[in-house]
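If you want the building blocks of each chain, they are given just below.
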Amino acid sequence: MKRLTAALSAAALLAAAGCGGGSGSGAGAGAPIDLRMTIWSANAKHLALFDQIAAGYKKDHPEIGKITFESIPFDSYTTTLTTQIGGGNVPDLAWIFETSAPDFVSSGALEPIDKDPDLVPGTTANWEQDGKLYAYPLSTSPLGVFVNTDLVKAAGRPAPAQQIASGTWTWDEAAKTAAAVQAKTGKGGLVVGDFDYKGWDTLNAIWSGWGARPWSEDGKSCQFDQPQMVDAMTFVQKMIFTDKAMPGPGVTKDFFAGDSSMVLTQISRAALLEKAKFHWDLVPLPKGPAGDYSVVGQAGIGVFKRGKHADAAKQFLAYFSNAQNSAKLAEYFPPPRKSELNAATLAKANPLLKPAQLDSVVVKGIENGKIKPSHTGYAELQQTVRAALDPLWKPGADVKTVLSGVCSKINPLLAK
């Protein structure tokens, strides 16, 4: 598979050579300007809100024809996007994973955009280079734990909210609760959203509690073989195969359908609970051996230099992300704005969530959390780690040996 950086470098070189568009209109004089933005959500409510914002923009911009939001499946999103770029079918704007931020920002493929002083400083770090901002941090969303309190009660375990109040909400206790639910009700225990034994980086929501990292801060050396990661992954392996606290490989348990007791995910999924037939709660991640922590997932929106209408796309992005629309988007995507990062504002956009839930998970999570690790060449790293971790997802696996094997595979990639 071609490296992501190669595809993006090709895009930057073509832009520098003046090929395939750029900041001009890309259309004949007087022709309407059509904009296209790639996204990975196909959620009908998300799309309806985007269309509403686009319609508001077009009212005051008669030069704009269509604004299309193109949904690409989550699992193949970055690969599909870079294939489009390499093939000359460049979107005007695109959502970008935080894990891929270094590739997109360093490649020169993105247009610099204006930086609003209202943005929380920590939310823009992934998208900056040489003092310039290259993507708007659309969603800065801490991971929390949605809890089916009916299943927890049926298993005879204290609710996580009670454990938080008593200072006992830890990973050990969370695992006991998940195992008890599976043993006593037959339902699933703890589900890690988007993991499914493929998205290994989603386990960051667990291993960060041990102070573990996949690679060093400077990105030059593997840390899968370090004691913190070995301990964290040993804990995960035990939850799966010994305690039965997590669904095993090939087993699907949908929390939002009432099939599991807990799911680690972001608040944008709360909309799926609108018609839930069970009682539920949202709480912060459990305390790990390294103490309290928060993990933040993020999506940025960038404008491509090689898009047909780069200038028009930048203007639309400025409107899409202004304070008024940011408040609307907060229903699904926690805002990166200081003026809106409070429970009162978030509660208006998230009626299903209580102010206390929003404050403890979202506000404090964004203020104190760390964004998921990223690296240049992430697409290749992701596939390499995934393959190297496959032996871990079997009963009795030697965790330390498997993780050492991960390092032997990715250290050459990290050194590039």
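Our subject is the structure that appears above.
Keep in mind it's a predicted model, so treat the numbers as computed, not measured.

Each value, and the rule that gives it
Residues take numbers from 1 onward in each chain, read along the sequence in its written order. Reporting in this predicted model follows two pLDDT cut-offs: at least 70 for local features of residues, and 80 or more for side-chain atom pairs to be given and counted; totals over whole chains, interfaces and linings ignore these cut-offs and use all residues. Water and hydrogen atoms play no part in the side-chain values, which are based on all heavy atoms of the structure. Both site types are read off a 1 Å grid over the protein atoms alone. A 1.4 Å probe that fits but cannot get out defines a cavity, while an open set with protein on both sides within 12 Å along at least five of seven lines defines a pocket; lining residues have an atom within 4 Å of a point. Grid points are joined across faces, edges and corners, and a volume is the space filled by probe spheres set on the points. For this scheme, ten residues count as nonpolar: Ala, Val, Leu, Ile, Met, Phe, Trp, Tyr, Cys and Pro. Four count as charged, namely Asp, Glu, Lys and Arg, and the remainder, Gly too, count as polar. For every element, the axis is a line fit to its C-alpha atoms; helices are fit only across the contacting stretch, and the angle between N-to-C directions ranges from 0 to 180 degrees. Secondary structure elements are taken from DSSP: a helix is a run of H or I of four residues or more, a strand is a run of E of two residues or more, and numbering for both begins at the N terminus. Here the angle decides the label: under 35 degrees means roughly parallel, over 145 means roughly antiparallel, 65 to 115 means roughly perpendicular, and every other value means oblique. Two helices cross in a left-handed way if the nearer one is turned anticlockwise from the farther one by less than a right angle. They cross in a right-handed way if the turn is clockwise. We call two residues in contact whenever any of their non-hydrogen atoms come within 4.5 Å of each other. Only protein chains enter the accessibility calculation, which uses a 1.4 Å probe. A residue is then buried if its area is under 20% of the maximum for its type, exposed if over 50%, and partly exposed in between. Following DSSP output, two strands are said to pair if at least two bridges run between them. Ring geometry is summarised as follows: Phe, Tyr and Trp rings, the Trp one being its six-membered ring, pair when their centres sit within 6.5 Å, and such pairs are stacked at plane angles under 30 degrees, edge-to-face over 60 and tilted between the two.

Enquirer: Sorry if this is basic, but what is going on with empty space enclosed by the protein here?
Expert: Over the atoms rolls a probe the size of a water molecule, and its path tells where empty space is left. Throughout the structure, instances matching the rule amount to two cavities of 30 Å³ or more. Space inside the largest cavity adds up to approximately 40 Å³. Along its surface, the largest cavity is lined by Thr99, Trp200, Asp201, Asn204, Trp207, Pro214, Trp215, Lys372, Pro373 and Tyr378. For the lining of the largest cavity, the class distribution of residues is six nonpolar, two polar and two charged. The calculated volume of the second largest cavity comes to roughly 30 Å³. Residue classes in the lining of the second largest cavity are distributed as five nonpolar, one polar and three charged.

Enquirer: What's the story with the packing of helix α15 (residues 378-389) against helix α16 (residues 399-414) in this structure? I'm lost.
Expert: Helices that pack against each other are described as a pair by the angle of their axes relative to one another and the distance between those axes. Running from amino to carboxyl end, α15 crosses α16 at an angle of 160°, the nearest separation of the two axes being 9 Å. The angle between α15 and α16 places the two elements in the roughly antiparallel class. In the packing of α15 onto α16, the handedness of the crossing is right-handed. Facing α15, whose interface residues are Glu380, Leu381, Thr384, Val385, Ala388 and Leu389, α16 presents Val402, Leu403, Val406, Lys409, Ile410, Leu413 and Leu414.

Enquirer: It is not clear to me how the pairing of strand β9 (residues 280-283) should be interpreted in this structure. Could you clarify?
Expert: Sheet faces and side chains relate simply in a regular strand, where the side chains alternate between the two faces. Residues Trp280 and Leu282 of β9 are buried on one face, and the alternating residues Asp281 and Val283, pointing to the opposite face, are buried as well. Note: strand β6 (residues 136-148) against β9, four bridges, orientation antiparallel. Residue pairing across strands places Asn148 opposite Trp280, the latter belonging to β9.

Enquirer: Please clarify how the packing of aromatic side chains should be interpreted in this entry.
Expert: In this description, an aromatic ring pair is defined by two values, namely the gap between the centres and the angle between the planes. According to the stated counting rule, one finds 32 aromatic pairs in the structure shown. On the numbers, 4.2 Å between centres and 15° between planes, the contact of Trp40 with Phe97 is stacked. Linking Trp40 in the loop between β1 (33-39) and α2 (44-59) with Phe97 in strand β3 (residues 93-97), this pair joins segments that are 57 residues apart in sequence. Side by side, Trp40 and Phe97 carry an identical accessibility label, which is buried.

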